[in-house]
Amino acid sequence: MKTVLVLNGPNLNLLGTREPAVYGSQTLADVEALCAKACAAHGFKLDFRQSNHEGALVDAIQEAGRAQAAGTLAGVVLNAAAYTHTSVALHDAIKGAGVTLIELHISNVHAREAFRHHSYISPVAKAVMAGFGASGYALAIAGLAGLAEPA
Ligand code: DQA
């Protein structure tokens, strides 16, 4: 059984209380439960993490690249949060690790402030998902399952 790494960046530990009009009322624990259910439905094991630190996210992506090369990881769902719009280090890590990665945002970043319209992640992501709220995580996991199936 392959693992899916769901990796969450800065301030996502505050989900539920942080700007609920934008990010909804579900907590990060609720999101983890939703991901566990989606992974179980698609025959994946879940590795769910959150960090406020850019370097820790880089380390996790490098580790994911090694796991995918070893055949134990199906891919990564990354909500890089604010680092999406600033991090050359995350861009380079994804490219260097050669990992299959879905970029995810709870909100529709393109309908928000201009500084959220540019992503350093999109050019190195397999697919991009934004605006589905917390349920986007389940959709992204289903997307990874679809990628794993023969066309
Ligand atoms: C976010 C969107 C980012 O612009 C923002 O900095 C976040 C969360 C989202 O999930 O909608 O922290 O990635």
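Everything that follows concerns the structure shown earlier in this document.
Parameters at a glance
Residues numbered from 1 in each chain as written. Predicted model: local features only at pLDDT ≥ 70, side-chain atom pairs only at ≥ 80, totals over all residues. Heavy atoms only, no water. Helix = DSSP H or I, 4+ residues; strand = E, 2+ residues; numbered from the N terminus. Rg over C-alpha atoms; globule rule 2.2 N^0.38 Å. Buried < 20%, exposed > 50% of the residue type's maximum accessible area, 1.4 Å probe, protein only. Contact = heavy atoms within 4.5 Å. Lys, Arg positive; Asp, Glu negative; His and termini not counted. Charge placed at Lys NZ, Arg CZ, Asp CG, Glu CD. Pairing = 2+ DSSP bridges. Axes fitted to C-alpha atoms, helices over the stretch in contact; angles between N-to-C directions. Salt bridge = Lys/Arg side-chain N within 4 Å of Asp/Glu carboxyl O.

Another point: the overall build of the protein. Counting secondary structure elements, the protein contains five helices and five strands. Helices and strands appear in the protein in the N-to-C order β-α-α-β-α-β-α-β-β-α. In terms of overall size, the protein behaves like a compact globule, its C-alpha atoms giving a radius of gyration of 14 Å where 151 residues would be expected to give roughly 15 Å. Put simply, the protein has 151 residues, and 46% of those count as buried. Counted over contacts in the protein with a minimum sequence separation of 6, partners at least 24 positions apart contribute 76%. If the 10 positive side-chain charges of the protein are averaged to one point and the 11 negative ones to another, these points end up 4 Å apart.

Once that is clear, we can look at the sheet that holds strand E3 (residues 73-79). The strand order across the open sheet built from five strands is E2-E1-E3-E4-E5, with neighbouring strands paired in parallel fashion. The outermost strands of the open sheet, each flanked by one partner alone, are strand E2 (45-50) and strand E5 (127-130). Along the sheet, successive strands turn relative to each other by an average axial angle of 20 degrees, direction set aside. For strand E1 (residues 3-8) and E3, the ladder comprises six bridges, and the chain directions are parallel. Bridge pairing in E3 places Val-6 opposite Val-77. Strand contacts of helix H2 (residues 28-41): E1 and E2, with the helix running at about 160 degrees to E2, the strand carrying the most contacts.

A few words now on the pattern of salt bridges. A side chain with one charge may pair with a side chain of the opposite charge, provided their charged atoms come close. All chains considered together, the criterion is met by four salt bridges. When the shortest N-O distance is used, the salt bridge between Glu-63 and Arg-49 registers 3.0 Å. Pair noted here: Glu-63 is in helix H3 (residues 54-69) and Arg-49 is in strand E2, with a separation of 14 residues, a long-range link. On the basis of relative accessible area, Arg-49 is assigned to the partly exposed category, the value being 26%. Note that Glu-113 is salt-bridged to Arg-116, the shortest N-O span being 2.7 Å. On the basis of relative accessibility, which here comes to 36%, the residue Glu-113 falls in the partly exposed class. Members of the salt-bridge network, linked through shared partners, are Asp-47, Arg-49 and Glu-63.

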